[in-house]
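# A closer look at the structure
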Amino acid sequence: MNTIIDALKWRYATQVFDQTKKLSANQLDTILESAILAPTSFGLQPVRFILVKNPEIRAKLREAGYNQPKITDASDLVVIAVPKVMNDATVDEFIQSISDVRGLSLESLRGYSDMIKSAVNGRTPEQRVEWATRQGYIALGVIIAACALEGVDAGPMEGFDPKQFDEILGLDAMGLESKVMIAIGFRSEEDTMAHAAKVRFPKGKMIIEI
């Protein structure tokens, strides 16, 4: 793709994937690395990306995902999950990472740490999960854009039973809960939407200048 605009005009929410086509290791690594680089509040990264490679598990997820074929047919499947608990330990791990990467003392980061802890602790447990979930959707948007730039098709999905997904993937033991997923691969010629004109409201309606 020449530009991000070209890439986004080319992409669409793919419904039918070509089961014979697979992403290269480099393409998949680029897309996953882009997800990791997605912005999050304070840089806390309260998001995890579950790359589901096992065909048997994907078949089970398809059953829990209202039998959507793209769950099993796409080259790869990524489930975006968030932690059930965010607390001081979450912030401490992040601050330690800053200290290690930037060579800063923990004492010099104490003020920043306290500010983040105040933001976390100022929310109820439910609000913290919702906060993390919104950041997961930012990552989803980055994945979609990265796929488009790589010439890879993507089909994001919210239609699934989260409790069943968590059980199938063993997320409870990881302290995580699933929120959204995205199938990644290459469109099939049988997908009629691949040839449909993109429908978007004009810029004059979408952009409000004040």
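Here's a quick rundown of the structure. In this text, all values refer to a predicted model and were calculated from it rather than measured experimentally.

## Here we look at the overall build of the chain
Counting secondary structure elements, the chain contains 10 helices and four strands. Sequence-ordered secondary structure for the chain, helices as α and strands as β, is α-α-β-α-α-β-α-α-α-β-α-α-β-α. Considering only C-alpha atoms, the chain reaches an extent of 60 × 50 × 30 Å along its principal axes. Burial status across the chain gives 41% buried among its 210 residues. If you take every contact in the chain between residues at least 6 apart in sequence, the share linking residues at least 24 apart comes to 78%. About 12,000 Å² of surface is accessible on the chain, with carbon and sulfur atoms providing 55% of the total. Both charge centroids of the chain, one from 24 positive and one from 28 negative side chains, sit 5 Å from each other.

## A short note on the pattern of salt bridges
If you walk through the whole model with that rule in mind, you get eight salt bridges. Among the salt bridges present, the one from Asp 76 reaches Lys 53, with a minimum N-O distance of 2.7 Å. Note that Asp 76 is positioned in strand β2 (residues 76-83) and Lys 53 in the loop between β1 (48-52) and α3 (55-64), a separation of 23 residues in sequence. Since its relative accessible area comes to 2%, Asp 76 is described here as buried. Across the salt bridge formed by Asp 153 and Arg 187, the nearest N and O atoms sit 2.6 Å from each other. Of this pair, Asp 153 sits in strand β3 (residues 153-157) while Arg 187 sits in the loop between β4 (176-185) and α10 (203-206); the two residues are 34 residues apart in sequence, bridging distant segments of the chain. Summarising the burial analysis for this pair, Asp 153 and Arg 187 share the class buried.

## Quick word on the packing of helix α5 (residues 88-102) against helix α6 (residues 110-121)
The relative placement of two packed helices comes down to the angle between their axes together with the axis-to-axis distance. Two elements in contact, α5 and α6, have axes whose closest approach is 9 Å; the angle formed by their N-to-C orientations is 150°. Our classification of the angle between α5 and α6 gives roughly antiparallel. Of the two elements, α5 crosses α6, and the hand of that crossing is right-handed. When α5 is examined against α6, the residues Asp 88, Val 91, Asp 92, Phe 94, Ile 95 and Ile 98 are found in contact with a partner set consisting of Tyr 112, Ser 113, Ile 116, Lys 117, Val 120 and Asn 121.

## Observations regarding the environment of Lys 53
Measuring from C-alpha to C-alpha, the distance between Lys 53 and Thr 72 comes to 9.8 Å, with 19 residues separating the pair along the chain. Setting aside residues up to four positions removed in sequence, Lys 53 forms contacts with Leu 28 and Asp 76.

## Some words on the sheet that holds β3
Spatial strand order, β1-β2-β4-β3: four strands in an open sheet with antiparallel pairing. In this open sheet, the two strands that pair with only one neighbour each are β1 and β3. Averaged over all neighbouring strand pairs, the angle between strand axes comes to 25°, with direction disregarded. Of the strands in this sheet, β1, β2 and β4 are in contact with helix α8 (residues 162-169), which crosses β4 at around 85°.

## Some remarks on the nonpolar core
Counting residues in each nonpolar core, the largest one holds 18 residues, and the members touching the most others are Ile 50, Leu 77, Phe 165, Leu 169 and Met 181. Elements that contribute at least two residues to this core include exactly β1, α3, β2, α8 and β4. Those residues in contact with Leu 169 that lie beyond four places of it in its chain are Ile 50, Val 52, Ile 57, Leu 61, Val 79 and Met 174.

## Some remarks on a nonpolar patch on the surface
Taken together, the side chains of Ile 4, Ile 5, Leu 8 and Leu 149 define a hydrophobic patch exposed on the protein surface, amounting to about 330 Å² of accessible area. Examining the composition of the nonpolar patch, we find that three residues originate from one element, helix α1 (residues 4-10), more than from any other. Looking at the element boundaries, Leu 8 is found in helix α1. Classification of Leu 8 as partly exposed rests on a relative accessible area of 33%.

## Some points on helix α2 (residues 25-36)
In this model α2 runs 16 Å from its N-terminal to its C-terminal C-alpha over 12 residues, within 8% of the 16 Å that 1.5 Å per residue would give. Structurally, α2 contributes buried residues whose contacts are with β1, β2, α7 (125-150) and β4.

## Here we look at the side chain of Asp 166
With respect to the helices and strands, the residue Asp 166 is situated in helix α8. At 5.4 Å, Lys 84 is the nearest oppositely charged side chain to Asp 166, a buried residue that forms no salt bridge. Look past the residues within four positions of Asp 166 in its chain and what remains in contact with it is Leu 171, Asp 172, Leu 176, Glu 177 and Ser 178.

How each quantity is defined
- Residues numbered from 1 in each chain as written.
- Predicted model: local features only at pLDDT ≥ 70, side-chain atom pairs only at ≥ 80, totals over all residues.
- Heavy atoms only, no water.
- Helix = DSSP H or I, 4+ residues; strand = E, 2+ residues; numbered from the N terminus.
- Buried < 20%, exposed > 50% of the residue type's maximum accessible area, 1.4 Å probe, protein only.
- Contact = heavy atoms within 4.5 Å.
- Areas by Shrake-Rupley, 256 points an atom, 1.4 Å probe, with all protein chains shown as cover.
- Lys, Arg positive; Asp, Glu negative; His and termini not counted.
- Charge placed at Lys NZ, Arg CZ, Asp CG, Glu CD.
- Salt bridge = Lys/Arg side-chain N within 4 Å of Asp/Glu carboxyl O.
- Axes fitted to C-alpha atoms, helices over the stretch in contact; angles between N-to-C directions.
- Parallel < 35°, antiparallel > 145°, perpendicular 65-115°, else oblique.
- Left-handed = near helix turned anticlockwise from the far one by under 90°.
- Pairing = 2+ DSSP bridges.
- Core = buried A, V, L, I, M, F, W, Y, C linked by side-chain atoms within 4.5 Å.
- Patch = residues over 30% accessible without salt bridge, like charges linked within 9 Å, V, L, I, M, F, W, Y side chains within 5 Å.
- Expected span 1.5 Å × (residues − 1).

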